[in-house]
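Read off the chains here:
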Amino acid sequence: MKNSVFSVPSVAKSSVMNLELENPAELTKKAVGTGAERRRRRFLLKGVVQGVGFRPFVYGLAQKNNLQGWVNNSSAGVFIEVEGKMEAVEDFTREVSHQAPPRARIESLKFEDLTPVGFRSFEIRESVEEAGKYQLISPDIATCEPCQQEVFNPQDRRYRYPFTNCTNCGPRFTIIQDIPYDRPKTTMAQFRMCPECQHEYDDPTNRRFHAQPNACSHCGPKVELCDEQGKPLGVDDPVSSAIALLREGKILAIKGLGGFLLACNAQNPLVLERLRQRKRRPHKPFAVMLPHLPAVQKHCWVNEGEEKLLLAPESPIVLLHWKESSPISRFVAPGQKYLGVMLPYTPLHHLLLRESGLVLIMTSGNLNEEPIAKDNEEAFSRLQGIADAFLIHDRDIYVQYDDSVTAVVSGENTILRRARGYAPFPIRLPFPLKPILACGAELKNTFCLTRDQYAFLSQHIGDMENLETLNHFQRTIGIYQKLFSIQPEMVAYDLHPEYLSTKYALQLTGKKIGVQHHFAHMASCLAENGAEGPAIGLTFDGLGYGTDGNLWGGEFLLGNFRFFERKAHFEYIPMPGGAAAIQHPWRMALSYVYTLLGKEEFMKHQPLFALPQGEKVRIILQQIDQKFNAPLTSSCGRLFDGVSALLGLCPSVSYEGQAAMELERIANPEEDGAYDFFTEEEEGKEIIRLRPLIAGVLKDLGKGIEPSVIAAKFHNTLVNIGVAICQKIGERGGPKKVALSGGVFQNRLLTERMRAAMEKSGLEVLTHRLVPCNDGGLALGQAVIANFVAQ
Ligand SMILES: [Zn+2]
Ligand SMILES: [Zn+2]
């Protein structure tokens, strides 16, 4: 009998999968035959097929078609054998991919026909382990609608049970210790199911058939309320008591899916101020959680795409246009145009939100920039002095998992922080990769491990500025290596010698490949778009170590996965004081004016912008003159900082991107004017001169033009620069394809205008959607480059 091997596309409308049906005619062709003939067929399905109700679905499908045989999970995928009438086997073959459960993602389906052996029934067999094999693992999934209904139904046995879940929802990645995915290999292993739960688990017609985290209030995890020391308060109803504390204006540490979140009332400015002080986070925006969509619409403008994203099973934070009329304190996200909003994604959150009627701040349970706390004892010590009380539970979290941050840009979903709901699902590439570990960058670190056609980009790890984050990074690499059975042959790292991720990479054994920061950005954008180049990598970024030892960040690269050439960049400007110039954008403002316009102009214009007077300025001018502690940068992020400070918006910042975000917020979208710029060729590179831009800003300020107009003209100037340089490269025989990458493109106004202007001028524009445009997507580019460079 002829064997048939082919792939079918996922039925789930996935944004990630883009598989072609290799031979769509094959299935229908095979159905032709006598129909009564008996047939036995063995399948191997790969993709996310474990932890998503796939085996119960197969069981039901076999029953429906009157087929006998078996199904099991293995570390290689799901194996199925069915035996019965030929027609029924063909029906089953079609339906197994086309009617798969909503959260399943079938990446490949292979089958072969074997001699019938006379199975008598259909059974779910024990899972088997196969050495070296691996399975894709489902991310955690937000509570589904039927489970929500049970939680709020006083007649249901799961009424108000905070850990209700089923095969379509609940924790997955955060509780899995090893594969294949079965309860004994999860942190649910310690909970023994009560007879009722066991019955659901064993009943193939039940929604909880083989739902590994299945539990109820009798047999499952429990919540407990503890005081600020972590001492149990012994209250009867921890959820109601927690709500009472939130109403009183207390800060609660709440154990969730992937770690502790700090919660407080978003409409109480006093508690907000306390939270900011305790977390040492003076301005960085917080996200809020609202009970349901109508509540979100009260505070934010929500379009159709944003509505879908809010309600998606990934349930990310979505950045939404914040209404002026919203009663949520502006102190939640000072100086922001957008408010980060999410809906409840566990039953515990649903209970807290609906029963309190509050708008809650939900922010990572950590001290600024440390990893999110995940264990109870760890939280008691690390969050001591931050939280007034702890709402804990006894289901362990195996791996930390922050909330993801997304936005809808030009009508497309974009991920700005990739974690809960998305990782560890891989980026599928159009080519196979060697086993590689890419260590990522310093800020917003993620790492990437590759195998076959998959790039497993980790969840957001954090800013690698302390030992806690480095430990978290190392431990999570270990978890990914084990789950996906990857032994890296090569290590890719950023060229910046001071990055902790670079230092980590360099002490590993094996082949090491250093990858320039913006080259990696470009490759990351190309890779997630399935494009190989050549392309122009337009990277507007904060800072990245350049091959000349300067700090790059306003770059036009030309290249593919193997090489790049620096075609154009913003002119170099000193950053007086190095890191101090990042913290104090007024230093950059001063540097732009002084360097580009000279001392006389500087003195003349000094009264125009608010800079600290006196000795500090003199020292800084000296640093610039003597080139002492004033590294050179071509960064676009620093240019945003400088212009922002000239407008008096952000003389100093407390988090990355703050000045740029405020500049975006005030920009008047009606304004279509721009400032001038020109380029000069130096050693085959176009140097973009910024003197007319800075002079233009000062002139407008002098005339008393509104900062909102100046901010818009600044954005428009960057768009004009982008289009002009890319066209020039194209005219000289370069590609017409442009990959936009780098943290500056988190700026929605800039991205939307740049894309529109480029497309209008005949350029093809690629942007990030699946991985962040900021340094959170860098590791993907590093891995792909290492793969090709090493060939
Ligand atoms: Zn459910
Ligand atoms: Zn139970």
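Residues numbered from 1 in each chain as written. Chains lettered and ligands numbered in written order. Predicted model: local features only at pLDDT ≥ 70, side-chain atom pairs only at ≥ 80, totals over all residues. Heavy atoms only, no water.

S.K.: Explain the state of the cysteines residue by residue, including any values.
M.R.: Tallied over the entire structure, the rule returns zero disulfides. The thiol of Cys726 is unpaired, and the distance to the nearest cysteine sulfur, on Cys525, comes to 12 Å. The exposure class of Cys726 is buried, given its relative accessible area of 0%. (Disulfide = S-S within 2.5 Å. Buried < 20%, exposed > 50% of the residue type's maximum accessible area, 1.4 Å probe, protein only.)

S.K.: Describe the pairing of strand β30 (residues 737-741), naming the residues involved and giving the relevant values.
M.R.: Of all five residues in β30, four are buried; the element is thus mostly enclosed. In the sheet, strand β23 (residues 535-545) pairs with β30 via four bridges, with the strands oriented parallel. Along β30, the bridge assignment pairs Thr539 with Ser741. In terms of strand pairing, β30 meets strand β31 (residues 764-766) through three bridges, oriented parallel. The residue of β31 that forms the bridge with Lys737 is Glu764. Handedness of the β-α-β unit built from β30, helix α22 (residues 748-760) and β31 comes out right-handed. (Helix = DSSP H or I, 4+ residues; strand = E, 2+ residues; numbered from the N terminus. Pairing = 2+ DSSP bridges. Right-handed = clockwise from strand over helix to strand, strands pointing away.)

S.K.: If you had to explain the coordination of the zinc ion (ligand 2) to someone new, which residues and values would you point to?
M.R.: The zinc ion (ligand 2) binds to the protein through Cys194 (SG), Cys197 (SG), Cys216 (SG) and Cys219 (SG); the donor distances cover 2.2 to 2.3 Å. Angles of 105 to 116° at the metal separate the four donor atoms of the zinc ion (ligand 2), which places the site in the tetrahedral class. In primary-sequence terms, the residues that donate to the zinc ion (ligand 2) follow C-x2-C-x18-C-x2-C. A residue pair is termed long-range when its members are at least 10 positions apart, and Cys194 in the loop between α4 (145-151) and α5 (195-202) and Cys216 in the loop between α5 and β7 (223-226) qualify at 22 residues. (Donors = N, O, S within 2.8 Å, 3.2 Å for Na, K, Ca; no water. Tetrahedral: all angles 85-135°; square planar, octahedral: opposite > 155°, others 65-115°.)

S.K.: Tell me about the pairing of strand β28 (residues 678-682), and name the residues and values.
M.R.: Strand direction decides the pairing type here: β28 and strand β29 (residues 685-689), joined by five bridges, are antiparallel. Within β29, the residue paired with Glu680 across the bridge is Ile687. The hairpin turn running from β28 into β29, its antiparallel successor, is two residues long, and Glu683 in that turn takes a positive phi close to 50°.

S.K.: Residue-level account of the sheet that holds strand β22 (residues 511-515), with values.
M.R.: Pairing is mixed in the open sheet, where five strands are placed in the order β18-β20-β19-β21-β22. If you trace the sheet from one side to the other, it starts and ends with β18 (427-433) and β22, each paired once. Put simply, the sheet's adjacent strands are angled 30° from each other on average, direction ignored. Seen against the sheet, helix α14 (residues 517-528) touches β18, β21 (490-494) and β22 and runs at an angle of roughly 95° to β22. The strands touched by helix α23 (residues 778-789) within the sheet are β18, β19 (436-438), β20 (448-457), β21 and β22, with β18 carrying the most contacts at an inclination of about 15°. (Axes fitted to C-alpha atoms, helices over the stretch in contact; angles between N-to-C directions. Contact = heavy atoms within 4.5 Å.)

S.K.: Any chance you could break down empty space enclosed by the protein for me, citing the residues and the numbers?
M.R.: A full pass over the atoms with the stated rule returns five cavities of 30 Å³ or more. Space inside the largest cavity adds up to approximately 130 Å³. Taken together, 17 residues form the lining of the largest cavity, with Pro162, Leu257, Thr346, Pro347 and Arg395 sitting closest to its centre. Of the residues that constitute the lining of the largest cavity, the class distribution is eight nonpolar, seven polar and two charged. Considered as a void within the structure, the second largest cavity measures approximately 110 Å³ in volume. Taken together, 16 residues line the second largest cavity, and the ones lying closest to its centre are Gly51, Val52, Gly53, Arg55 and His210. Among the residues making up the lining of the second largest cavity, the classes are represented as seven nonpolar, seven polar and two charged. (1 Å grid on protein atoms, 1.4 Å probe; cavity = no way out; pocket = protein on both sides within 12 Å on 5 of 7 lines; lining within 4 Å. Points joined across faces, edges and corners; volume = space filled by probe spheres on them. Nonpolar A, V, L, I, M, F, W, Y, C, P; charged D, E, K, R; others polar.)

S.K.: Tell me about the nonpolar core, and please be specific about residues and values.
M.R.: Core analysis: the biggest nonpolar cluster contains 98 residues, and Phe54, Val58, Ile80, Phe92, Val96, Leu352 and Phe473 have the highest contact counts within it. With residues near it in sequence (within four places) discarded, Phe54 still touches Leu45, Val49, Val78, Val96, Ala100, Pro101, Ala104 and Ile106. (Core = buried A, V, L, I, M, F, W, Y, C linked by side-chain atoms within 4.5 Å.)

S.K.: Please provide a residue-by-residue account of the confidence of the model for the protein, values included.
M.R.: Chain-level pLDDT for the protein is 92 on average; 94% of the residues reach the 70-or-more range. Per-residue pLDDT stays below 50 along residues 1-33; that stretch engages in 70 contacts with residues further than four places along the chain or on separate chains. (pLDDT = per-residue confidence, 0-100.)

S.K.: Explain helix α2 (residues 54-64) residue by residue, including any values.
M.R.: Burial runs high along α2: eight of the 11 residues are buried. The elements touched by buried residues of α2 are β2 (38-48), β3 (68-74), β4 (77-85), α3 (86-98), β5 (105-114) and β6 (122-124).

S.K.: Lay out the packing of aromatic side chains with the relevant residues and their values.
M.R.: A full pass over the atoms with the stated rule returns 27 aromatic pairs. A ring pair is formed by Phe540 and Phe556, whose centres lie 6.1 Å apart and whose planes are at 85°; its orientation type is edge-to-face. One end of the pair, Phe540, is in strand β23; the other, Phe556, is in strand β24 (residues 551-559), with 16 residues separating them in the sequence. In this structure Phe540 comes out as buried when scored by relative accessible area, which is 0%. We classify Phe556 as buried; its relative accessible area is 0%. Ring plane angle 80° and centroid distance 5.9 Å describe the contact between Tyr594 and Phe602, whose orientation is recorded as edge-to-face. (Phe/Tyr/Trp six-rings, centres within 6.5 Å; stacked < 30°, edge-to-face > 60°.)

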